[in-house]
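# Residue-level structure breakdown
One letter stands for each residue in the lines below.
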Amino acid sequence: LLFGDDTVERVLRELRPAVHAKGTDYTRETVPEREVARALGVETVIAGDPKAHASRDVVSRVRALPPGGPSGPARA
């Protein structure tokens, strides 16, 4: 899910999921959306492997690729 805000508070308000999952770089106390989730009755869980990576890093690497991917422009 892509969103343009700094937190997913607006997404939580719109979707009202049963569970809101965050990565292991957070604790239940440090989740930025914890108060909104709590007010909506959304359970916040911490899930995943230890954070040694982030999706923004993957996006940055993909954006840095040349047009057509790592081997250059696609050939017809």
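Anything mentioned here points back to the structure above.
Notes on the structure follow. (Residues numbered from 1 in each chain as written. Predicted model: local features only at pLDDT ≥ 70, side-chain atom pairs only at ≥ 80, totals over all residues. Heavy atoms only, no water.)

## Some details on the layout of surface pockets
Under the convention used in this document: Note on definitions: the grid is 1 Å and covers protein atoms alone; a cavity is a set of points where a 1.4 Å probe fits but cannot get out; a pocket is an open set with protein on both sides within 12 Å along at least five of seven lines; lining residues have an atom within 4 Å of a point. Grid points are joined across faces, edges and corners, and a volume is the space filled by probe spheres set on the points. Secondary structure elements are taken from DSSP: a helix is a run of H or I of four residues or more, a strand is a run of E of two residues or more, and numbering for both begins at the N terminus.
When its volume is computed, the largest pocket comes out at roughly 680 Å³. For the largest pocket, the lining is made up of 22 residues, of which Phe 3, Val 8, Lys 22, Ser 55 and Arg 56 are closest to its centre. Among the elements of the structure, α1 (9-15), β1 (19-22) and α3 (55-63) are those that each provide at least two residues to the lining of the largest pocket.

## A few points about the side chain of His 20
Where we set the bar: The cut-offs for exposure are 20% and 50% of the maximum accessible area for each residue type, with area from a 1.4 Å probe on protein chains only; residues under the lower value are buried, those over the upper are exposed, and the others partly exposed.
Relative to the helices and strands, His 20 resides in strand β1. Note on His 20: relative accessible area 7%, which makes it buried.

## Digging into the pairing of β1
Quick reminder of the rule: Strands are treated as partners if at least two bridges between them are detected by DSSP. Looking down the strands as they point away from you, a crossover is right-handed if its path from the first strand over the helix to the second goes clockwise.
Across the two faces of β1 the burial differs, with His 20 and Lys 22 buried and Val 19 and Ala 21 not buried at all. Bridge analysis of β1 against strand β2 (residues 43-46) gives 4 bridges, and the strand direction is parallel. Within β2, the residue paired with His 20 across the bridge is Thr 44. In this view, the connection linking β1 to its parallel neighbour β2 by way of helix α2 (residues 34-40) has right-handed handedness.

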